[in-house]
Amino acid sequence: DAGITQSPRHKVTETGTPVTLRCHQTENHRYMYWYRQDPGHGLRLIHYSYGVKDTDKGEVSDGYSVSRSKTEDFLLTLESATSSQTSVYFCAISARGEKLFFGSGTQLSVL
Amino acid sequence: DQQVKQNSPSLSVQEGRISILNCDYTNSMFDYFLWYKKYPAEGPTFLISISSIKDKNEDGRFTVFLNKSAKHLSLHIVPSQPGDSAVYFCAASLIGNAGNMLTFGGGTRLMVKP
């Protein structure tokens with residue numbers, strides 16, 4: 001298994017509060033991604049990073065920001081959580097090849 | 001508008017029989033296709049892939065077929081086993097400066113009955 005750790009695994013928060021999810025990798029891969037999984041939508045790309053401090057938006061980036069200050073860490077922040085952001089969040093990494101390797105996910109509930 | 005679609009949300013198959021999962025795409029620029037398998041409470045795991053220059057790739061019980069003219073790919077599992085019960089996602093790739101950008105279908109839940 002690829003060395004990817006997501007934290008926390010579960011989070012319950014209230015509308016309007018800030019939330020930060022962390023993804024940590026031990027593979028030294030260049031590319032990192034945040035996806036969210038929702039029923040009927042599969043996995044949708046939120047943001048991605050192609051190097052330290054190099055990030056860009058994905059398909060569903062509104063309401064989210066990211067930061068990558070070190071190769072191994074990629075943070076996803078919800079500045080003011082909304083109920084529509086209740087979802088399962090997956091971090092993924094890639095060395096550039098065709099395959100992405102996914103973490104175990106973070107279940108986020110915004111009440 | 002979804003560029004990758006899996007039109008069957010679920011599929012039920014008897015153990016030992018063939019499972020066929022289908023996927024359609026709209027973007028002819030996709031250059032690589034992948035299938036991922038996902039168990040509950042776990043992340044998706046890579047299963048099999050195919051380059052756009054090929055029409056078939058086989059790995060043990062799993063075979064992926066690509067029909068570029070129809071913009072259609074399928075995953076065949078033969079023989080199906082109860083442990084294959086999971087959600088299967090097809091994904092299409094555009095490799096660019098930002099690495100591998102995967103676009104996923106909505107998933108198909110496969111249930112293999114003993």
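None of the values given here were measured: they were computed from a predicted structure.

Draft legend 1. Quick look at the pattern of salt bridges. Residue and element names in this part refer to chain A. One pass over the structure, following the stated rule, counts 6 salt bridges over all chains. A salt bridge links Asp 73 to Arg 22; the nearest nitrogen and oxygen atoms lie 3.1 Å apart. With a gap of 51 residues between them, Asp 73 in strand S8 (residues 73-78) and Arg 22 in strand S3 (residues 19-25) connect regions that are remote in the sequence. Relative accessible area serves as the criterion here: at 34%, Arg 22 is assigned to the partly exposed category. For the salt bridge of Arg 44 with Asp 38, the shortest nitrogen-to-oxygen distance reads 3.0 Å. Its relative accessible area of 18% is what places Arg 44 among the buried residues. One salt-bridge network, in which partners are shared between bridges, spans Arg 22, Lys 70 and Asp 73.

Draft legend 2. Region of interest: the side chain of Gln6(B). All names here are of chain B. By secondary structure assignment, the location of Gln 6 is in the loop between strand S1 (4-5) and strand S2 (10-14). Within polar-contact distance, the side chain of Gln 6 engages the backbone nitrogen of Gly 107 at 2.9 Å. Among residues more than four places away in sequence, those in contact with Gln 6 are Asn 22, Cys 23, Trp 35, Tyr 88, Phe 89, Cys 90, Gly 105, Gly 106, Gly 107 and Thr 108.

Draft legend 3. View of the interface of chain A and chain B. On the side of chain B, 21 residues touch chain A, which itself brings 21 residues to the contact. For the pair chain A and chain B, the summed buried surface comes to about 1,800 Å²; carbon and sulfur atoms form 62% of the total. When the area that chain A buries against chain B is broken down by residue, the three leading residues are Leu43(A), Glu98(A) and Phe102(A), summing to 30%. Summed over the shared surface of chain A and chain B, the result is 0 salt bridges. Viewed at the interface, chain B and chain A are joined by 3 residue pairs in polar contact (both at pLDDT 80 or more). Mapped by element, the contributors of at least two residues to the side of chain A that touches chain B are strand S4 (31-38) and strand S5 (42-51) of chain A. Examining the composition of the side of chain A that touches chain B, we find that 5 residues originate from one element, S5(A), more than from any other.

Draft legend 4. A look at the nonpolar core. Counting residues in hydrophobic clusters, the biggest one holds 23 residues, and the most contacted among them are Phe33(B), Trp35(B), Leu73(B), Leu75(B) and Tyr88(B). Residue assignment for this core shows that the elements contributing at least two residues are strand S3 (19-25), strand S4 (32-38), strand S5 (45-51), strand S7 (62-67), strand S8 (72-77), strand S9 (86-96) and strand S11 (108-113) of chain B. With 4 residues, S9(B) is the largest single contributor of residues to this core. One finds Val19(A), Tyr64(A), Phe74(A) and Ile93(A) within the second-largest nonpolar core, a separate group that totals 19 residues.

Draft legend 5. Representation of a nonpolar patch on the surface. Residues and elements named next belong to chain B. A cluster of nonpolar side chains, contributed by Ile 18, Ile 20 and Val 78, occupies part of the molecular surface with about 230 Å² of accessible area. Here Val 78 lies in the loop between S8 and S9. A residue is classified by how much of its surface remains accessible, and Val 78, at 43% relative accessible area, is partly exposed.

Draft legend 6. Representation of unusual backbone geometry. Backbone torsion omega between Ser7(A) and Pro8(A) reads -10 degrees, so that peptide bond is classified as cis. Topologically, Pro8(A) is positioned in the loop between strand S1 (4-7) and strand S2 (10-13). The omega angle of the peptide bond from Val78(B) to Pro79(B) is -15 degrees, so this bond is cis rather than trans. The phi dihedral of Asn28(A) is positive, around 65 degrees, even though this residue is not glycine. As for its position among the elements, Asn28(A) is in the loop between S3 and S4. Asn28(A) gets classed as exposed once you look at its relative accessible area, which sits at 63%. Its identity as a non-glycine residue notwithstanding, Lys53(A) has a phi of 65 degrees, on the positive side. Position of Lys53(A) relative to the elements: it lies in the loop between S5 and strand S6 (54-57).

Parameters at a glance
- Residues numbered from 1 in each chain as written.
- Chains lettered and ligands numbered in written order.
- Predicted model: local features only at pLDDT ≥ 70, side-chain atom pairs only at ≥ 80, totals over all residues.
- Heavy atoms only, no water.
- Salt bridge = Lys/Arg side-chain N within 4 Å of Asp/Glu carboxyl O.
- Helix = DSSP H or I, 4+ residues; strand = E, 2+ residues; numbered from the N terminus.
- Buried < 20%, exposed > 50% of the residue type's maximum accessible area, 1.4 Å probe, protein only.
- Polar contact = N/O pair within 3.5 Å; in protein donor to acceptor, adjacent residues only side chain to side chain.
- Contact = heavy atoms within 4.5 Å.
- Buried area = accessible area lost by both parts, 1.4 Å probe.
- Core = buried A, V, L, I, M, F, W, Y, C linked by side-chain atoms within 4.5 Å.
- Patch = residues over 30% accessible without salt bridge, like charges linked within 9 Å, V, L, I, M, F, W, Y side chains within 5 Å.
- Areas by Shrake-Rupley, 256 points an atom, 1.4 Å probe, with all protein chains shown as cover.

These values are about where atoms sit, not about what they do.
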